[in-house]
Amino acid sequence: MVRDFLQGIIQLQRCDDDKPQFLPTTQQDKFEELLSSIPECNTVFPLKCRIASYPNFFPGGRGHAVDRFPCEPVMFIGHNFGTEDNYCDSVKRDYEDPGSPTWRNLKLYFLPEADDLDEKECFFTNLYLGAIIHPPAKPGAKRKTTNRGKFKCSLDYHTKCVKALLTQVEIVRPSVIALLGANVPPPFGQAFPAYAPHSSESLADVQARQPAGGYRLRLLPDLMVQVIALVHPANPRSLESHREQGRLLGAAIRAAKMSITAGKQIALHRVHSWDQQ
């Protein structure tokens, strides 16, 4: 009986490409319910997954490349979607601009250097579940449209998004989480106390202290995740620097796979030992 129980656990943890664990509608329903829990904020434009085609980040779109929701994916967490203008342009286009710095560097450097990570194995999302609203320009000035500077929102909005981050992880159940940019590790540490000792306002400090493959942390009672902080792909750095971020991500993915494999071997060894008793 114990043997059947443990083998059942191992089977549930294994992803079968022909028989996906999750129905896309189930995940989408949960995410839509999550978005409905985010309060209004007069400096933030609410998003409702209206960008129909990939590439896109949640909550502008669904955040994954194919209809089937990825099993135990690499979860990329950015800071916020962008601006209201970015979002509206992407809805009209039907997808986010693949030539934007974020997507260009993800596709050309981050993913290939991460042991050729397949986009189908990823989920792309954000901490703040909305877009920046830039106020009207002053007389004679040009209206700001860029996604730069401090994300201004109410304390209630921030608190709900941090809480929603926990829910996102509960829904996605990732194997690896990549925190993109300097502004994500601190609130991630608020959502997950296990990461708090490793977070800092300085990304350089975070990266200097984190192990090569990031940290193996218990984020949920039944979920261990490899967490690594990376420079944001939109950061104007050298191509070699972007490649290095991809290699760091690859190290995190390998560490997660080794840990999962070791855990399954330990479980099977215990089953074998109990059978002999």
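I will try to describe carefully the structure that is included in this document. Please read these numbers as outputs of a predicted model, since none were measured by experiment.

Attention now moves to the nonpolar core. Core analysis: the biggest nonpolar cluster contains 43 residues, and Ile-77, Leu-129, Tyr-157, Ile-177, Phe-188, Tyr-195 and Val-227 have the highest contact counts within it. A per-element tally of this core places helix H5 (residues 155–172) first, with 8 residues. Core analysis: the next-biggest nonpolar cluster, separate from the first, contains 27 residues, Val-74, Leu-111, Ala-114 and Ile-228 among them.

So, on to the pattern of salt bridges. Within this structure, the stated rule accounts for 9 salt bridges. Two residues, Glu-119 and Lys-107, come together in a salt bridge whose shortest N-O distance is 2.7 Å. You can see Glu-119 sitting in the loop between helix H4 (101–113) and strand S3 (122–128) and its partner Lys-107 sitting in helix H4, a full 12 residues away along the chain. With relative accessibility at 29%, the residue Lys-107 sits in the partly exposed group. What you see here is one network of salt bridges that share partners, running through Glu-113, Glu-240, Glu-244 and Arg-247.

This brings us to the environment of Glu-32. Note on placement: Glu-32 falls in helix H2 (residues 24–36). Accessibility expressed as a relative area gives 45% for Glu-32, which makes it partly exposed. Placed 27 residues apart in sequence, Glu-32 and Pro-59 show a C-alpha to C-alpha distance of 9.0 Å.

Let us look at the side chain of Gln-168. Among the structural elements, Gln-168 can be located in helix H5. In terms of polar contacts, Gln-168 uses its side chain to reach the side chain of Thr-125, at 2.5 Å. If sequence neighbours within four positions are ignored, Gln-168 has contacts with Phe-31, Leu-34, Phe-58, Met-75, Phe-123, Thr-125, Asn-126 and Leu-129.

Calculation notes
- Residue numbers run consecutively from 1 along every chain, following the written order of its sequence.
- Totals for whole chains, interfaces and linings use all residues, but because this is a predicted model, local features are given only for residues with pLDDT of at least 70 and pairs of side-chain atoms are given and counted only at 80 or more.
- Calculated side-chain values reflect all of the structure's heavy atoms, with hydrogen atoms and water omitted.
- For our purposes a nonpolar core is just a set of buried Ala, Val, Leu, Ile, Met, Phe, Trp, Tyr and Cys residues, chained together by side-chain atoms within 4.5 Å.
- Per-residue accessibility, obtained with a 1.4 Å probe over protein chains only, is compared with the maximum for each type, and a residue is labelled buried under 20%, exposed over 50%, and partly exposed between these values.
- Under the scheme used here, helices are H or I runs from DSSP no shorter than 4 residues and strands are E runs no shorter than 2 residues, and both carry numbers assigned from the N terminus.
- We count a salt bridge whenever a side-chain nitrogen from Lys or Arg sits within 4 Å of a carboxyl oxygen from Asp or Glu.
- Counting of polar contacts relies on pairs of N or O atoms within 3.5 Å, with two restrictions inside protein: one atom must be capable of donating a hydrogen and the other of accepting it, and residues adjacent in sequence are counted only when both atoms are side-chain atoms.
- By the convention used here, residues are in contact when the closest approach between their heavy atoms is within 4.5 Å.

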